[in-house]
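Notes for the structure review
Residue strings, one per chain:
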Amino acid sequence: MRSSLNLLLLSSFLLLAAGMVTSAQMALTVDRALTIAHENNPRFSIADKGLAGAQSAQRELIRQRLPRVSFHGNATYAPTFPSFGYDPTITSGGQISAQVMIEHLIYDGGQRDLRLNQSGIDIDLIGRSRSLMERDLRLNVALAFNDAMHARDEIALREMNVGQLADYLRLVEAMYAGSLVGFTDVLKTRVRLSDARLALDDAQGAADTARFALAELIGLPFDTSIAVAGRLDSLPDVGAFDTATNPDLAAFDLAVNRSRIDVELARRENSPVVSLLGDAGALTSVENITLPRSDRSSFIGFSAGVTVDIPILNWGITDLHVEQRQIGVDTLRLQAEILRRSILRQNGELRARLARGRDRLALIRATIVDAEKNFLLTKSKYAGGGGSALEVLDAQQLLSDNRLAELQTLADLQALVAKLQRLTNP
């Protein structure tokens, strides 16, 4: 409990310090970092364009169900001479037409409906893909933010370690000045303090690296000074895992359903195609319009008809298409099963590691309480003329190591929770 209180006080100090930095610094929460990353990530704009394209394709399929109306105009002249020219019985001297034509497909074996259903799945797939992108981005930002908080807190612990050793060095130097201890105690303490300062310098370098990595991920300029606001000891809850709501598996299910429609489309390649045709307008020949008005035939009218196309023989190509599409469906099913097993393994592994991590954290915190007492007692014993400087330094090192182990365990737990939320959140 005492170590938890220390960590809470440390976190509060860090948050207070973050609020006192210059205005050039940007204090970030993980939610704010995620918002910035979302705004600066071009992949979401690409996904939105893809969704708009899929929706446009769906509207196109819907409008293809309407009759096609077109205008057809034609004018040909075929003169005939005694020894040259086309047969006037066939050409009638040429043809002139101006017609509005209507064509409407009334039956194609259900292929249009299947393609429309498939376009709906395409839209859902793009939406799922976008959702998965958001989940991956959320995980990556959480992990990068976690690294930045870990680096920030490690600096504070290293500074605390330097402060303890510096305070102990003053005690040793005072005792040496009073001829109570030998100079070797001073040298040992100076070396240990120097090592602690080097470790602090390394931690500061690691913190710079973590801040640059976070800035790169969320799309901030690298000259932006970032101060992360958050606490590693605040662990969010993890929901229950359900394969039925897992977005990765749901996306695979959509892909399987889409491939099944491909199989049905292949089966219906040999379906009859029935269309209604109609036209209205003017249609005549050059020969007709050259006749006297009283002898001309009418050329204003309309016509209607039905066309039927029935495939008879394609040498088994349709069966081969069905076979190929079915292989694709079976392959996706097997891949979905592999993914399902992998996700179940990940969930079980992450939860087991989370439970072990919590147990480890409790053990480390209990050890820190004993290590703090041991350090204070050893230091007091040394100040009273008993014990050795090495015992005090070892006690201080033990305390520092356990505090760093607590910090690392908290960072590991945060990473495990973020990964579990990636699996469990719908």
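Residues numbered from 1 in each chain as written. Predicted model: local features only at pLDDT ≥ 70, side-chain atom pairs only at ≥ 80, totals over all residues. Heavy atoms only, no water.

**A closer look at the overall build of the protein**
- Scanning the protein from N- to C-terminus turns up 10 helices and 8 strands.
- For the protein, the C-alpha radius of gyration of 40 Å lies well beyond 22 Å, the compact-globule estimate for 426 residues.
- Expressed as a percentage of its 426 residues, the buried residues of the protein come to 35%.
- Considering only residue pairs separated by 6 or more positions, the protein has 85% of its internal contacts joining residues 24 or more positions apart.
- One way to put it: in the protein the 46 positive side-chain charges average out to a point 4 Å from where the 50 negative ones average out. (Helix = DSSP H or I, 4+ residues; strand = E, 2+ residues; numbered from the N terminus. Rg over C-alpha atoms; globule rule 2.2 N^0.38 Å. Buried < 20%, exposed > 50% of the residue type's maximum accessible area, 1.4 Å probe, protein only. Contact = heavy atoms within 4.5 Å. Lys, Arg positive; Asp, Glu negative; His and termini not counted. Charge placed at Lys NZ, Arg CZ, Asp CG, Glu CD.)

**Let's talk about the packing of aromatic side chains**
- Per the stated rule, a full pass over the model turns up 2 aromatic pairs.
- Considering the side-chain rings of Y176 and F183, the 5.2 Å spacing of their centres and the 50 degrees angle between planes classify their relative orientation as tilted.
- F183 gets classed as partly exposed once you look at its relative accessible area, which sits at 36%. (Phe/Tyr/Trp six-rings, centres within 6.5 Å; stacked < 30°, edge-to-face > 60°.)

**Re empty space enclosed by the protein**
- Applying the stated rule across the entire model yields 2 cavities of 30 Å³ or more.
- Here the second largest cavity is characterised by a volume of approximately 40 Å³.
- In terms of lining residues, the second largest cavity is bounded by L157, R158, N161, Q164, Q396, S400, R403 and L404.
- Among the secondary structure elements, those contributing two or more residues to the lining of the second largest cavity are α5 (111–177) and α10 (389–424).
- Residue classes in the lining of the second largest cavity are distributed as 2 nonpolar, 4 polar and 2 charged. (1 Å grid on protein atoms, 1.4 Å probe; cavity = no way out; pocket = protein on both sides within 12 Å on 5 of 7 lines; lining within 4 Å. Points joined across faces, edges and corners; volume = space filled by probe spheres on them. Nonpolar A, V, L, I, M, F, W, Y, C, P; charged D, E, K, R; others polar.)

**Some points on the layout of surface pockets**
- Taken as a whole, the largest pocket holds about 580 Å³ of empty space.
- In terms of lining, the largest pocket is formed by 25 residues, of which the most central are V30, A142, P236, Q414 and Q421.
- Looking at the lining of the largest pocket, the elements that each hand over two or more residues are α2 (30–40), α5 and α10.
- It is α5 that contributes the most residues to the lining of the largest pocket, 9 residues altogether.
- Class assignment for the residues of the lining of the largest pocket results in 13 nonpolar, 7 polar and 5 charged.

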